[in-house]
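Descriptive analysis of the structure
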Amino acid sequence: MSLLPFLALYLAMVFAPMVAAVRDLMVHQIRIERTRAVLNLAVRDGAQMSTRDGQGHLVGDPAAMTARVVEIWTGARIPGAVLEEVACMPVPPACAARARVTTRGFLGTLSTRVMIEGTVLEGIIREGQ
């Protein structure tokens, strides 16, 4: 009697769940990194939706800044990621956003929150400064 079928069954029972678990973790990590990258781009671009006031200081329009962050986020279409909150301040122009990343798989439901803040630096007027 050969032990090969039993060995194959044993390997399938032990390693198949482990491979599925590692795959779930990898997919979740990729979604987190994509979410972090898109949020970083969105809040920094949203914060740059600002103009100079009469004294030369940057002042932002929170409604336009928030709209820009949401526009960039919706264009990304990351599966399992939901934008939870966007907050923008006019002086100094800054935006913060929070998103939740959820992945369902062999390990159950994996959920992570990603929060990013971005601001515009004062004083850079021309190239080379």
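First, a word on scope: everything that follows refers to the structure included in this document.

1. Some thoughts on the overall build of the protein chain
Helix and strand content of the protein chain: two helices and five strands. Its helices and strands in sequence order give the protein chain the pattern α-β-β-α-β-β-β, from N to C terminus. Relative to its length of 129 residues, the protein chain is extended, with a C-alpha radius of gyration of 23 Å against a globular reference of 14 Å. Taken over 129 residues, the protein chain has a buried fraction of 28%. Long-range contacts, defined as pairs at least 24 residues apart, comprise 57% of the intrachain contacts of the protein chain with a sequence gap of at least 6. Total accessible area computed for the protein chain in this model is approximately 8600 Å², and 63% of it derives from carbon and sulfur atoms. Where the 13 positive side-chain charges of the protein chain centre and where its 11 negative ones centre are 9 Å apart.

2. A few points about the environment of alanine 8
Within the secondary structure, alanine 8 is located in helix H1 (residues 4–47). On the accessibility criterion, alanine 8 (45% relative accessible area) is partly exposed.

3. A closer look at the sheet that holds strand S5 (residues 108–119)
A sheet is described by the order of its strands in space; here three strands give the open sequence S3-S4-S5, paired in antiparallel fashion. Two strands close off the open sheet at either side, each with one partner strand: strand S3 (81–89) and S5. Going from strand to strand, the sheet's axes swing by 10 degrees on average, the running direction of each strand aside. Of the strand pairs in this sheet, strand S4 (residues 94–105) and S5 are connected by 12 bridges, and their pairing is antiparallel. Opposite glycine 105, over in S5, you have glycine 108 as the bridge partner. Across the sheet, helix H2 (residues 62–76) is in contact with S3 and S4; its angle to S3 comes to roughly 160 degrees.

4. With respect to H2
Here H2 spans 22 Å end to end across 15 residues, near enough to the 21 Å set by a 1.5 Å rise per residue. Of the positions making up H2, those classed as buried are Met65, Val69, Ile72 and Trp73. Within H2, the buried residues cover an arc of 100 degrees as seen down the axis, which keeps them to one side. Relative to its buried face, H2 has exposed residues pointing more than 90 degrees away, namely Ala63 and Gly75. Summarising the contacts, the buried residues of H2 are in contact with H1, strand S2 (58–60), S3 and S4. Arginine 77 sits one or two positions beyond H2 and adopts a positive phi of about 50 degrees.

5. Considering the pattern of salt bridges
When their charged atoms lie close together, side chains carrying opposite charge are able to pair. Scanning all chains against the criterion turns up eight salt bridges. Two residues, glutamate 84 and arginine 98, come together in a salt bridge whose shortest N-O distance is 2.9 Å. Pair noted here: glutamate 84 is in strand S3 and arginine 98 is in strand S4, with a separation of 14 residues, a long-range link. Take glutamate 84: its relative accessible area is 32%, and that puts it in the partly exposed class. For arginine 98, a relative accessible area of 26% puts it in the partly exposed group.

Basis of the calculations
- Counting from 1, residues in each chain are numbered in the order their sequence is written.
- Given that the model is predicted, a residue must reach a pLDDT of at least 70 before its local features are reported, and side-chain atom pairs must reach 80 or more before they are shown or counted; all residues, however, enter totals for whole chains, interfaces and linings.
- With hydrogens and water excluded, all non-hydrogen atoms of the structure serve as input to the side-chain values.
- Each helix is a run of H or I in the DSSP string that is no shorter than four residues. Each strand is a run of E no shorter than two, and both are numbered from the N terminus.
- It is over C-alpha atoms that the radius of gyration is taken, and the globule rule equals 2.2 Å times the number of residues to the power 0.38.
- When accessible area is computed with a 1.4 Å probe and restricted to protein chains, residues below 20% of their type maximum are described as buried, those above 50% as exposed, and intermediate ones as partly exposed.
- The criterion used for residue contact is that any of the two residues' heavy atoms lie within 4.5 Å.
- The accessible surface values rely on the Shrake-Rupley method and a 1.4 Å probe; as for residues, cover is taken only from the protein chains in view.
- Residues scored as positive are Lys and Arg, those scored as negative are Asp and Glu, and His as well as the terminal groups of each chain are ignored.
- To locate a charge, take NZ of a lysine, CZ of an arginine, CG of an aspartate or CD of a glutamate.
- Two strands are said to pair when DSSP picks up at least two bridges between them.
- To get an axis, a line is fitted to the C-alpha atoms, and for a helix only the part in contact is used. The angle between two axes follows their N-to-C directions and goes from 0 to 180 degrees.
- An expected span of 1.5 Å times one less than the residue number is assigned to each helix.
- In this context, the arc is that of the directions from the helix axis out to the C-beta atoms.
- Any carboxyl oxygen of Asp or Glu that lies within 4 Å of a side-chain nitrogen of Lys or Arg is treated as forming a salt bridge with it.

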